Amino acid sequence: MSLIRTALLSVAALTFIAFVQFPEPLERSTNEDEQELAPPSDLALLMRAMAIHADSVKAGLGKKDRLPQFPKTFRNLNKTTPTKGMHIDAITFPTFSKDYLSKLDDLYDAPTAERPQAYNALVQSCANCHGTHCPGPLMRIRKMYAEPLGQ
Ligand code: HEC
């Protein structure tokens, strides 16, 4: 009799433990939801502006004097706060960041006829950084390349 009682008690105890442990993964998924709802980081917002800028450069290719105004705020790329918990490599991120900014200068220095190549070099610098940081937008970036003028 006491054996059955012990057995029943341990079943009850196990059920209790299982019940108490169950809420943990639920709590975790709630935190993930909160993260998705968090406002985008300053870096994410800057990236959206960089993508819009590149799209408008592409739209104006081949038309004389059709570059958007030089986006001075992009110079802060290396100092802008990323999404919490995102890994930003202390060596490669500043290097890719500098490369993007020098391709941006080259684009604005390029004669109109050479703008498509300069623009493609800029898109390539986006892809280079995204190869090691935040690969999600790579699909979109790969579709941003322009055809050479006259094709
Ligand atoms: C120096 C590295 C680097 C360069 C250069 C770079 N990116 Fe990013 N990009 C990132 C990182 C890191 C994030 C993630 C930002 C965050 O979540 O805080 C990001 C995020 C994005 C996002 C998602 C933004 C969002 O809404 O969450 C897009 C789109 C994007 N980049 C497009 C581009 C385009 C287009 C270019 C070139 C014009 C570019 N990136 C150049 C590193 C880079």
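Residues numbered from 1 in each chain as written. Predicted model: local features only at pLDDT ≥ 70, side-chain atom pairs only at ≥ 80, totals over all residues.

**Section: the overall build of the chain**
A tally of helices and strands in the chain yields six helices and zero strands. Counting from the amino terminus, the chain carries its helices and strands in the arrangement α-α-α-α-α-α. A total of 151 residues make up the chain; the buried ones form 11% of that total. Sequence separation of at least 24 residues holds for 61% of the intrachain contacts in the chain that already meet a minimum separation of 6. (Helix = DSSP H or I, 4+ residues; strand = E, 2+ residues; numbered from the N terminus. Buried ≥ 20, exposed ≤ 12 C-beta atoms within 10 Å, placed from the backbone. Contact = placed C-beta atoms within 7 Å.)

**So, helix α3 (residues 42-60)**
The terminal C-alpha atoms of α3 lie 27 Å apart, and with 19 residues this matches the ideal 27 Å at 1.5 Å per residue to within 8%. Downstream of α3 by one or two residues, Gly 62 has phi in the positive range, about 90°. (Expected span 1.5 Å × (residues − 1).)

**Brief notes about the site of the ligand**
Near the ligand lie 24 residues; those nearest to it are Met 47, Pro 82, Thr 83, Cys 126 and Cys 129. Listing elements by their share of the shell around the ligand, those giving two or more residues are α3, α4 (92-109) and α5 (115-132). The leading source of residues in the shell around the ligand is α3, at seven residues. Split by residue class, the shell around the ligand holds 17 nonpolar, six polar and one charged. (Near = placed C-beta within 6 Å. Nonpolar A, V, L, I, M, F, W, Y, C, P; charged D, E, K, R; others polar.)

**Examining the nonpolar core**
Counting 12 residues, the largest nonpolar core is built from Ala 54, Val 57, Leu 77, Phe 96, Tyr 100, Leu 104, Leu 107, Tyr 119, Leu 122, Val 123, Cys 126 and Ile 141. Setting aside residues no more than four positions away along its own chain, Leu 122 makes contact with Ala 54, Lys 103, Leu 104 and Leu 107. (Core = buried A, V, L, I, M, F, W, Y, C linked by C-beta atoms within 7 Å.)

**Comments concerning α4**
Under the 1.5 Å per step criterion, the end-to-end length of α4 is 26 Å for 18 residues, consistent within 8% with the ideal 26 Å. Within α4 the residues assigned to the buried category are Phe 96, Ser 97, Tyr 100, Leu 104 and Leu 107. For α4, the angular spread of the buried residues around the axis is 105°, confining them to a single face. For α4, the exposed residues set more than 90 degrees away from the buried face come down to Asp 105 and Asp 109. Buried positions along α4 lie against α3 and α5. (Arc of directions from axis to C-beta.)

**What about the packing of α4 against α5?**
Contact pair α4 / α5: the axes reach a minimum separation of 9 Å and the direction vectors enclose 170°. One way to sum up the angle between α4 and α5 is to call them roughly antiparallel. Every residue of α5 that contacts α4 at Thr 92, Phe 96, Asp 99, Tyr 100, Lys 103, Leu 104, Asp 106 and Leu 107 is listed here: Arg 115, Ala 118, Tyr 119, Ala 121, Leu 122, Ser 125, Cys 126, Asn 128, Cys 129 and Thr 132. Residue composition of the contact of α4 with α5, by class: 10 nonpolar, four polar and four charged. (Axes fitted to C-alpha atoms, helices over the stretch in contact; angles between N-to-C directions. Parallel < 35°, antiparallel > 145°, perpendicular 65-115°, else oblique.)

**Side note on unusual backbone geometry**
A positive phi is found at Cys 134, a non-glycine position, where the angle reads about 55°. Positionally, Cys 134 belongs in the loop between α5 and α6 (138-142).

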